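Given next are the chains, with one letter for each unit.
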Amino acid sequence: EGERDWPLSTMAFTVPLHLAALVFYELRPREIPGPLLVGWLTFAYQGLLKFWCEDGTCSLPYFVDSLMVGFVACSAACAHELLSGVPYTVCIVPVVLILEPGAG
């Protein structure tokens, strides 16, 4: 039962926290959807790596998982910058605050 609840814990429960981080970062309401989508995709990818993979299939060391999640977050933030013109740091900083609280 707990194994199937990972989408709720990694994607749904992080939305209020991510919204609070975006408000703390002083984004205008019209600028929030892009960084929120980038964060949501990053949290979904982290959840897939953490809970969907089994020991025999795609179990990777923690630092490799962190590197892959960071790469996805940076790539999505850069894609958002290319599409909207909003700097990529607007997407990256709130994600880092949630993924690595001590790093922010």
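Please read all numbers here as calculations on a predicted model, not as lab measurements.

## As for the overall build of the protein chain
Next, step 1: In terms of regular secondary structure, the protein chain is built from five helices and zero strands.
Next, step 2: Reading the secondary structure of the protein chain in the N-to-C direction produces α-α-α-α-α.
Next, step 3: The buried share of the protein chain, reckoned over its 104 residues, is 31%.
Next, step 4: Long-range contacts, defined as pairs at least 24 residues apart, comprise 63% of the intrachain contacts of the protein chain with a sequence gap of at least 6.
Next, step 5: When the accessible surface of the protein chain is split by element, carbon and sulfur atoms take 68% of a total near 6,800 Å².

## Brief notes about the confidence of the model for the protein chain
Regions with low pLDDT carry predicted coordinates that are not meant to be interpreted in detail.
Next, step 1: In the predicted model, the protein chain carries a mean pLDDT of 82, and 89% of its residues have values of at least 70.
Next, step 2: At the level of individual helices and strands, the protein chain shows its lowest average pLDDT in helix α1 (residues 6–12), which scores 73, and its highest in helix α4 (residues 62–84), which scores 90.

## Focus: the layout of surface pockets
Next, step 1: One number sums up the size of the largest pocket: a volume of about 340 Å³.
Next, step 2: Mapped onto the lining of the largest pocket, the elements with two or more residues apiece are α3 (33–52), α4 and α5 (89–99).
Next, step 3: With seven residues, the single largest contributor to the lining of the largest pocket is α4.
Next, step 4: Along the lines of polarity and charge, the residues of the lining of the largest pocket split into nine nonpolar, three polar and three charged.

## Describing the side chain of H18
Next, step 1: Structurally, the position occupied by H18 is in helix α2 (residues 14–24).
Next, step 2: In contact with H18, other than residues within four places in its own chain, are P35, L36, G39, F43, P94, V95 and I98.

## Some words on the nonpolar core
Note on soluble globular proteins: their nonpolar side chains tend to be buried together.
Next, step 1: By size, the foremost hydrophobic cluster in this structure holds nine residues: V38, F43, A73, A76, A77, C91, I92, V95 and I98.
Next, step 2: Breaking this core down by element, the ones donating at least two residues are α3, α4 and α5.
Next, step 3: With four residues, α5 is the largest single contributor of residues to this core.
Next, step 4: By size, the runner-up hydrophobic cluster in this structure holds five residues, among which are L27, I32, V86 and V90.

## Notes on the packing of α2 against α3
Next, step 1: Orientation of α2 relative to α3, taken along the N-to-C sense of each, is 140 degrees, at an axis distance of 10 Å. When the axes of α2 and α3 are compared, the pair comes out oblique. Our pair here, α2 against α3, has a crossing hand that is right-handed. On the side of α2, the interface is formed by T14, V15, H18, L19 and L22, while α3 contributes P35, L36, G39, W40 and F43.
Next, step 2: Residue classes in the contact of α2 with α3 are distributed as seven nonpolar, three polar and no charged.

Reading the values: the criteria
Residues numbered from 1 in each chain as written. Predicted model: local features only at pLDDT ≥ 70, side-chain atom pairs only at ≥ 80, totals over all residues. Heavy atoms only, no water. Helix = DSSP H or I, 4+ residues; strand = E, 2+ residues; numbered from the N terminus. Buried < 20%, exposed > 50% of the residue type's maximum accessible area, 1.4 Å probe, protein only. Contact = heavy atoms within 4.5 Å. Areas by Shrake-Rupley, 256 points an atom, 1.4 Å probe, with all protein chains shown as cover. pLDDT = per-residue confidence, 0-100. 1 Å grid on protein atoms, 1.4 Å probe; cavity = no way out; pocket = protein on both sides within 12 Å on 5 of 7 lines; lining within 4 Å. Points joined across faces, edges and corners; volume = space filled by probe spheres on them. Nonpolar A, V, L, I, M, F, W, Y, C, P; charged D, E, K, R; others polar. Core = buried A, V, L, I, M, F, W, Y, C linked by side-chain atoms within 4.5 Å. Axes fitted to C-alpha atoms, helices over the stretch in contact; angles between N-to-C directions. Parallel < 35°, antiparallel > 145°, perpendicular 65-115°, else oblique. Left-handed = near helix turned anticlockwise from the far one by under 90°.

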